[in-house]
Amino acid sequence: MTQTHSSGLTVEQAQELIRREISTPTRVRYLMFLMIALLGVGLISTLWLTEPMPLPFRTQAAFGGLVLINLAWSAFFGWVLMQRKVLYAVHSVVAGWMAVVFSSTFIVAGLTIGLVRMNIAALAAVGVVGAIQLMAAILMLQRARHRRRGLLGRRDELSRALAHGGLS
Amino acid sequence: MPVDSETIEQELLAIRCQLGEVAGFEELVARWHDPLWQYIRRMADQNDLADELIQETWLRVLRGIPNLREPARLVPWMFGIARNLLMDRLRQKYRQEALLENALDDLKSTADEEHVYERRDELANVLDKLEKLPRPQCELLTLYYLNELSIEQIGQVLEIPNGTVKSRLFHARRVLKDSLLTKEPLR
């Protein structure tokens, strides 16, 4: 291949840029922030809705504000993970496991709040919402594992084909 | 249908990247950084712009590769990203791309292929003339001869049928030959 110019950005610099961009710890950190923000939305809402006595306006506004802040952070971290720090197959599996753990945490914490306050409606709401969340998380995990298995299988098949000189 | 080892290598590389293997990404960059940069540089005609666009191209490749549906089409997909970025930038810079197309009509055909490629020391002259060609011809010849993409891969990058690639390639070769023989500036 004829080369008449050399890039200002060398291969090594480009590789360094890539290594920074695909860093796994960064993705896990953003996933953790996303889960914490979502868990925050769920638990603050549960506390708010299970208050036994009518709350003064300022307390209601504070609860509402906290839920909105957590929703905003969830949206931001979700955007980062969709557009900037995208998840590769291995990260999607990690994300699936984290979703399962955090959904389970929400169910346990939410049911505990409901039981302590003896609020049947809250118990039912947390049970239904938590079960839907957990099912969605398990489905996400299964899909991620299935996709990763498929890619690993294809990778091995192609590696074998390359070693044996072709694919038919 | 048997698949050649180069296609297998490309698909394998794409899949390793989709899995998130750091070594796969490093190999991808080591193999394709220079060909992509040369393509962008030749089309952009500026080193600084090419450096900026190659970084943007790599970022888009990183962000888009998990959703690449046909990993075997990795190379045309990457060149397509570079091309789209380049076209967006060139559209901003040159609003009247049609002027370049019109320059083609003024070219005369008096080619003699044997004469053109007689001496190796004329290579520099060929590359210089290539850069001065109207952008569509320069792009086609760069992809085919310098980046060594197949007719089919070029068709995927430019989103045109293989037959059209062949006919445009034929035309671009003739324009290049003409420019080598006439010694007149193209634009």
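Residues numbered from 1 in each chain as written. Chains lettered and ligands numbered in written order. Predicted model: local features only at pLDDT ≥ 70, side-chain atom pairs only at ≥ 80, totals over all residues. Heavy atoms only, no water.

A. Just the confidence of the model for chain B, in detail. Residue and element names in this part refer to chain B. Here chain B averages 80 in pLDDT, and 80% of its residues register 70 or above. Here residues 103–120 scores under 50 on pLDDT; set against residues more than four positions off or in separate chains, the count is 24 contacts. Quick note on the complex model: pTM equals 0.74, ipTM equals 0.84. (pLDDT = per-residue confidence, 0-100. Contact = heavy atoms within 4.5 Å.)

B. Looking closely at the confidence of the model for chain A. Taken residue by residue, chain A gives an average pLDDT of 90. The fraction at 70 or more is 94%. In the model, residues 1–5 of chain A has pLDDT below 50 throughout and makes 16 contacts with residues more than four positions away in sequence or in other chains.

C. Geometry of unusual backbone geometry. Even without being a glycine, Met118(A) presents a positive backbone phi close to 50°. Along the polypeptide, Met118(A) turns up in the loop between α4 (89–116) and α5 (120–163). Assessed through its relative accessible area of 65%, Met118(A) is described here as exposed. The backbone of Glu159(B) sits at a positive phi, close to 60°, despite the residue not being glycine. Among the secondary structure elements, Glu159(B) is positioned in the loop between α9 (151–158) and α10 (162–182). (Helix = DSSP H or I, 4+ residues; strand = E, 2+ residues; numbered from the N terminus. Buried < 20%, exposed > 50% of the residue type's maximum accessible area, 1.4 Å probe, protein only.)

D. Region of interest: the pattern of salt bridges. Overall, the coordinates contain 15 salt bridges over all chains when judged by the stated rule. A salt bridge links Arg19(A) to Glu16(A), with the nearest nitrogen and oxygen atoms 3.2 Å apart. Of this pair, Arg19(A) and Glu16(A) are both found in helix α1 (residues 11–21), 3 residues apart, which corresponds to roughly one turn of the helix. Classification of Glu16(A) as partly exposed rests on a relative accessible area of 34%. The salt bridge partner of Arg155(A) is Glu21(B), with a shortest N-O separation of 2.5 Å. (Salt bridge = Lys/Arg side-chain N within 4 Å of Asp/Glu carboxyl O.)

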